[in-house]
Amino acid sequence: MSWQVEVDGDTCIGSGMCSAIAEEHFQLVDGVSRPLRTDIDPDDDVVDAAESCPVEAILVRDAQSGRTLAPEP
């Protein structure tokens, strides 16, 4: 199983919550979060980061099914 991680750069406000929670997966570049890799092994920290994003700019999906894992609808 693998996951896909996306950050909507137009929505991101650069709060830094994601990089604080999952620093091995996100970094801030010019005030906007960027995933270090878009295809990752499952990691609960990434789900926590997506759920903690104040503007829900992070999307985590199952790479095979496309099912959204976070944020919860």
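You'll find the structure just up there.
Residues numbered from 1 in each chain as written. Predicted model: local features only at pLDDT ≥ 70, side-chain atom pairs only at ≥ 80, totals over all residues. Heavy atoms only, no water.

### Points about the pattern of salt bridges
Thought 1: Inspection of every chain in the model, using the stated rule, returns one salt bridge.
Thought 2: With a closest N to O distance of 2.1 Å, E6 and R61 form a salt bridge. Of this pair, E6 sits in strand β1 (residues 3–7) while R61 sits in strand β5 (residues 58–62), and the two are 55 residues apart along the sequence.
Thought 3: A relative accessible area of 23% places R61 in the partly exposed class. (Salt bridge = Lys/Arg side-chain N within 4 Å of Asp/Glu carboxyl O. Helix = DSSP H or I, 4+ residues; strand = E, 2+ residues; numbered from the N terminus. Buried < 20%, exposed > 50% of the residue type's maximum accessible area, 1.4 Å probe, protein only.)

### A few points about the sheet that holds strand β6 (residues 68–70)
Thought 1: On the basis of which strands lie adjacent, the open sheet formed by four strands has the order β4-β1-β5-β6 and antiparallel pairing. In this open sheet, the two strands that pair with only one neighbour each are β4 (39–40) and β6.
Thought 2: Relative to β6, β5 runs antiparallel, the two sharing two bridges. Bridge pairing in β6 places R61 opposite T68. (Pairing = 2+ DSSP bridges.)

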